Amino acid sequence: MEELGIIIAPNGEYMKFGKWIPRTERNEEDSNVWHSDSFLSQVYPTPWFQQLHIPYNDTWEIHRQIDNFAKNGTIIILNNQEISKDKLRTGIVLAGPIDMTPEQIATLEQEKERLVTFENNDYSFIDLFNENGEYDIERSFYHLTDFYDYIEEIKEEKKTR
């Protein structure tokens, strides 16, 4: 995953932002290499994002607000790659609604191979939120393969209805 993040709207449309490079190589002034800065410059001001009506405080880091995306029916995926004790750790942070739309599921399936390969069986932090509660996490996963297995369960469940 080369980008810093992906936003997936309920209709399945998505927008990517930022570019991941190791923290030690990042230029403080380059907004393209920081999660919050790249989101604010590349996504936040667009009519596409504004029509999603997601409450966003532009003085806070994006990581502190991912539940707002999920609670408004939108999926956010953040690149959580870091170098830890001289080992590159790969994974993502994902927040989304428990009731993902078929269009969001289709978009996630298009990204499946790339995201699972990126995670490389390392770890991720994936939370699916109940849109009606204060901060209600309905399901959590720590590997993308488990998350994608859950998506298959959802699809099978919808077939039997």
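Located above this text is the structure these notes cover.
Residues numbered from 1 in each chain as written. Predicted model: local features only at pLDDT ≥ 70, side-chain atom pairs only at ≥ 80, totals over all residues. Heavy atoms only, no water.

Caption draft 1: Main features of the overall build of the chain. In terms of regular secondary structure, the chain is built from 5 helices and 8 strands. For the chain, the sequential pattern of α-helices and β-strands runs β-β-α-α-α-β-β-β-β-α-β-β-α. Relative to the 2.2 N^0.38 estimate, which gives 15 Å for 161 residues, the radius of gyration of the chain is 16 Å and therefore close to what a compact globule would have. Dimensions of the chain along its principal axes, counting C-alpha atoms only, are 50 × 35 × 25 Å. (Helix = DSSP H or I, 4+ residues; strand = E, 2+ residues; numbered from the N terminus. Rg over C-alpha atoms; globule rule 2.2 N^0.38 Å.)

Caption draft 2: View of helix α1 (residues 35-42). For α1, every residue scored as buried is listed here: H35, S36, S38 and F39. Residues of α1 that are buried sit in contact with β1 (5-8), β2 (14-17), α2 (47-50), α3 (66-71) and β3 (75-79). (Buried < 20%, exposed > 50% of the residue type's maximum accessible area, 1.4 Å probe, protein only. Contact = heavy atoms within 4.5 Å.)

Caption draft 3: Inspection of the nonpolar core at higher detail. In terms of nonpolar packing, the biggest core is built from 22 residues, with I77, L94, M100, L108, L128 and F147 touching the most fellow members. At the level of secondary structure, the elements contributing two or more residues to this core comprise β1, β3, β6 (92-97), α4 (102-119), β7 (125-129) and α5 (144-159). With 6 residues, α5 is the largest single contributor of residues to this core. If sequence neighbours within four positions are ignored, L94 has contacts with I75, I76, I77, L108, F125, I126, D127, L128 and F147. One finds F17, W48, L52 and L78 within the second-largest nonpolar core, a separate group that totals 20 residues. (Core = buried A, V, L, I, M, F, W, Y, C linked by side-chain atoms within 4.5 Å.)

Caption draft 4: Expanded view of the sheet that holds strand β8 (residues 137-141). Read across the open sheet, the 6 strands follow the order β2-β1-β3-β6-β7-β8; overall the sheet is mixed. The open sheet has two free edges, formed respectively by β2 and β8, since each of these has just one partner strand. Across the sheet, the mean angle separating the axes of adjacent strands is 10° when strand polarity is ignored. Across 4 bridges, β3 lies against β6 in antiparallel orientation. Within β6, the residue paired with N79 across the bridge is I92. Of the strands in this sheet, β1, β2 and β3 touch α1, which is tilted by about 130° from β2. (Pairing = 2+ DSSP bridges. Axes fitted to C-alpha atoms, helices over the stretch in contact; angles between N-to-C directions.)

Caption draft 5: The arrangement of α4 in detail. Given a rise of 1.5 Å per residue, 18 residues ought to cover 26 Å, and the 24 Å separating the end C-alpha atoms of α4 matches this to within 8%. At K112, α4 shows its strongest bend, of approximately 55°. In the core, the buried residues of α4 are packed alongside β1, β2, β3, β6 and α5. Positive backbone phi, at 55°, marks N120, one or two positions downstream of α4. (Expected span 1.5 Å × (residues − 1). Bend = angle between axes of the 7 residues up to and from the residue.)

Caption draft 6: The arrangement of the packing of α4 against α5 in detail. The N-to-C vectors of α4 and α5 enclose an angle of 155°; their axes lie 10 Å apart at closest approach. Relative to α5, α4 is oriented roughly antiparallel. Relative to α5, α4 is oriented so that their crossing is left-handed. Together, P102, I105, L108, E109, E111, K112, L115, V116 and E119 of α4 and L144, T145, F147, Y148, I151, E152, I154, K155 and K158 of α5 make up the contact between the two elements. (Parallel < 35°, antiparallel > 145°, perpendicular 65-115°, else oblique. Left-handed = near helix turned anticlockwise from the far one by under 90°.)

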